[in-house]
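Residues per chain are reported as follows:
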Amino acid sequence: MADPVSNLSPVKSKGPKRPRSVVWYYFDKIHNEPQRARCKICGATCHHANNTSNLFKHLRVKHPSTYKDAESQREAEMELYLELKAKSGRPIPRPGIRGRRPKALIQAITTPIVKAEEISLLNNNTNITPIVRKSYSAEKVKQTMTRALLKMITEDLLPPSIVSGKGFREFVRSLDSRFELPTKKVIMKSLLPELAEETKHKVKLDVVISSYFALTVESWTYRESQFFMTLSAHFIKDSWEMSSVVLETLDCTEDKTETNIATSFKRITDEWGITDRVIALIANSNDDVIPSASLINGWEELPCFGNTMNQVINSALTSISEIERIQKKTSEAVNYFEKSIKASDTLAAVQQQHNLPVHKLKQENMRYWISTFAMFERMVEQFEAVNTVLCFLGKDHMCLCDDEVEMIRSVIEVLRPFEAATKELCTEQYTYMSKVIPIATLLQQVTSAGIATLPGPQSALKNALITHMQTHFSSVENNYKLAVATLLDPRFKRHAFTDATALELSQQRLLSELAIVVQSADAQNMANDNSSFVTDSSASSFWNMFDRKVSEAGAMKTSTSEAENESRRYFKEANIPRNANPLNWWKLNEVQFPHLKVLAQKYLCIPATAAASNRLFTKEGDIIGLRREQIKPGNLSTMIFLNKNLT
């Protein structure tokens, strides 16, 4: 059989095909108008008369940055084309691109004749692997591809050793054979640290002009042997956009003491220049180390609401022995189906016979109550098919009886409001602390309703939930930061409170703080007024002291009255829909409430959870945990920093 490469030798004299103009990446041809094209960026139409001059002119005038990229790409492709043309022994039709002589042209003419495999690179012959490895002449293109590689590694938390894999290198080579992959050593020792410094500089531009910050500490274990903490800062920009920044990730395996952690936190905040602007710290850990470290630095520690709610429900479930027994029995049955291929295949067949949804059973994660809820829901949906398979395979002791299934149904009914609240926390990218009081209040009210009419286990579960909620939620309305965040959220204001005394105290403190803001804002005007009282020998200087005293007294009276007036006007405004963004409302109304907006930026930046709320109790959070374990401990801080902050 003839060698496929040798069969291509006659084609060599034809040379490579001229590449299609890169401008067509940005334009679409119009079917009914053969000499016009539509821009993919802005939708404008251009006359092209079977050439691309007008199209390039449109990019140059309307989209300058895109035009520069297109020019770089066009020059790189044309240089490769001319090089291959010269190697094939064919005459070069023109010396350059639009009057410019390519840099590689002189070198290309003196290079040996091209091989058939090389010609196939531009002829798109997929049967032959191209072997031309021409480095980029345009440094910007190389930098763009390298940055895209670094972003992929950090965004997906991939180990940098991926660039050493043969399969990955072949994949990149098939996309563009000219791109030289950096080595793992270069990535870790040079590229990622440089990118981290560049990113840190950009992020600091927003941080330095912001007034208030809330810190969160996410504690997590690495390969079940090391203990890490990720410190993040949250703030509201002047444009009323919420921003979250990872500051640093600490290895606290050996130095997990209050003093050491407090020192590390202060070192980080000093480095970022925000120590004096921190108003609160939220942590997802249950130990006393972080609260103590927070107090050492003078920051108020607030509990992570997601972690608290998870603790409340798990404690209530384990306090009812009958529910705990059924929970273990259900988990054992699910575990059997996960480990037995025969059982899982038989279950799928029985599901089809009974016209049930062909769903796999769900196993619980003992740490998160929401996984137990999902396990119960799926078991209620499939219990008939599950019992059929268990009896068929001789596992009758695992079957759930009717009373046990009814018990599971009653547990699901009691926990349904908690599921809705948890989903609301998990589906939002950012959950404001202002939601804590409304959710905590509503959960207590809904759970307390109709306890007397419920059967024993269901009533017992509700009582256990109420007891644990009273322990953890009883003081939420008395916490000033939680209360003022709720008051300044135009979705809730005063309507979320059930304790009239706590509401009154919070409003008084808010009014006092607002008066201070007003007085501070007027301080500059007072200074300007005072500067006009210049002592001289004229008769008017005789009254300077009296005029200054009158001015100061009027300013104090004005600050209080202005604060009361602005507060009154704010609370008279109608509440916005519950699913609306409060920051959008403040952006539109900041001119009407110029002093309240300062406090809104201060307290609405506090998140309700320590970890990103969309990672709470979800598979995404577990996946991130597994990906972190693929990275060496020494590289974790840089990788996590870029994972969050690189845009």
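Per an unreviewed UniProt entry, the recorded name for the chain is BED-type domain-containing protein, and the organism is Arion vulgaris. Regarding the chain, the relevant UniProt record gives this comment under Subcellular location (unreviewed entry): "Nucleus".

> Looking at this structure, how should I read unusual backbone geometry?
Backbone phi values are negative for most residues with the exception of glycine, while trans is the configuration of most peptide bonds. Phi is positive for W240, which is not a glycine, with a value near 65°. Considering the arrangement of structural elements, one finds W240 in the loop between β5 (226-236) and β6 (242-251). On the basis of relative accessibility, which here comes to 3%, the residue W240 falls in the buried class. Its identity is not glycine, yet K493 carries a phi of approximately 50°, on the positive side. Relative to the helices and strands, K493 resides in the loop between α17 (480-487) and α18 (500-531).

> Hey, could you run me through helix α21 (residues 596-603) in this one?
Every α-helix winds through 3.6 residues per turn, so residues three or four apart in the chain are directed the same way. Along α21, six of the eight residues are buried, which leaves the element largely enclosed by surrounding structure. Buried within α21 are the following residues: L596, L599, A600, Q601, K602 and Y603.

> I would appreciate a short explanation of the packing of aromatic side chains in the present structure.
Here the distance between the centres and the angle between the planes together describe a pair of aromatic rings. Going through the model one piece at a time under the given rule, you end up with 17 aromatic pairs. With 5.0 Å between their ring centres and 90° between their planes, W585 and W586 make a pair best called edge-to-face. Considered together, W585 and W586 belong to a single accessibility category, that of buried residues. In textbook terms, an aromatic cluster arises when at least three aromatic residues are bridged by ring pairs, as seen for W240, Y570, F571, W585, W586 and F593. Here the basic side chain of K493 rests over the ring of Y570, its NZ or CZ set 4.5 Å away from the ring centre.

> I would appreciate a short explanation of the pattern of salt bridges in the present structure.
Charged atoms that come close allow side chains of opposite charge to pair. Under the counting rule described, the total for this entry stands at 25 salt bridges. The residue K266 makes a salt bridge to D270 at a minimum N-O spacing of 2.9 Å. Here the residue K266 and the residue D270 both occupy positions in helix α8 (residues 258-272), the gap between them amounting to four residues, near one helical turn. Relative accessible area serves as the criterion here: at 36%, K266 is assigned to the partly exposed category. Overall, D270 belongs to the partly exposed group, its relative accessible area being 42%. We note a salt bridge from E271 to R267, for which the minimum N-O separation is 3.9 Å. Pair noted here: E271 and R267 are both in helix α8, with a separation of four residues, about one helical turn. The exposure class of E271 is partly exposed, given its relative accessible area of 36%. Shared partners join several salt bridges into a network, and the residues in it are K200, E248, R267 and E271.

> So what exactly am I meant to see when it comes to the packing of helix α15 (residues 436-448) against α17 here?
Pairs of packed helices are described in terms of their axes, by the angle between the two and the distance that separates them. Where α15 meets α17, the closest approach of the two axes is 8 Å, and the angle between their N-to-C directions is 100°. Overall, the two elements α15 and α17 adopt an arrangement that is roughly perpendicular. The residues of α17 that touch α15, namely those facing V436, I437 and P438, are L482, A483 and T486. A breakdown of the residues in the contact of α15 with α17 according to their chemical character gives five nonpolar, one polar and no charged.

> For this particular structure, what's the right way to read the sheet that holds strand β1 (residues 27-30)?
The strands making up a sheet associate through backbone hydrogen bonding, with each pair oriented either parallel or antiparallel. Taken in spatial order, the three strands of this open sheet run β1-β2-β3, and their pairing is antiparallel. With partners counted over all chains shown, the strands left at the sheet margins are β1 and β3 (45-47), one partner each. Pairwise comparison of adjacent strand axes, ignoring direction, gives a mean angle of 35° for this sheet. Where β1 lies against strand β2 (residues 33-39), four bridges are found, and the strand directions are antiparallel. Considered in β2, the bridge of K29 is made with A37.

What counts, and at which threshold
Residues numbered from 1 in each chain as written. Predicted model: local features only at pLDDT ≥ 70, side-chain atom pairs only at ≥ 80, totals over all residues. Heavy atoms only, no water. UniProt positions renumbered as here; feature names shortened; annotations may be inferred. Helix = DSSP H or I, 4+ residues; strand = E, 2+ residues; numbered from the N terminus. Buried < 20%, exposed > 50% of the residue type's maximum accessible area, 1.4 Å probe, protein only. Phe/Tyr/Trp six-rings, centres within 6.5 Å; stacked < 30°, edge-to-face > 60°. Lys NZ or Arg CZ within 6 Å of the ring centre and 35° of its normal. Salt bridge = Lys/Arg side-chain N within 4 Å of Asp/Glu carboxyl O. Axes fitted to C-alpha atoms, helices over the stretch in contact; angles between N-to-C directions. Parallel < 35°, antiparallel > 145°, perpendicular 65-115°, else oblique. Contact = heavy atoms within 4.5 Å. Nonpolar A, V, L, I, M, F, W, Y, C, P; charged D, E, K, R; others polar. Pairing = 2+ DSSP bridges.

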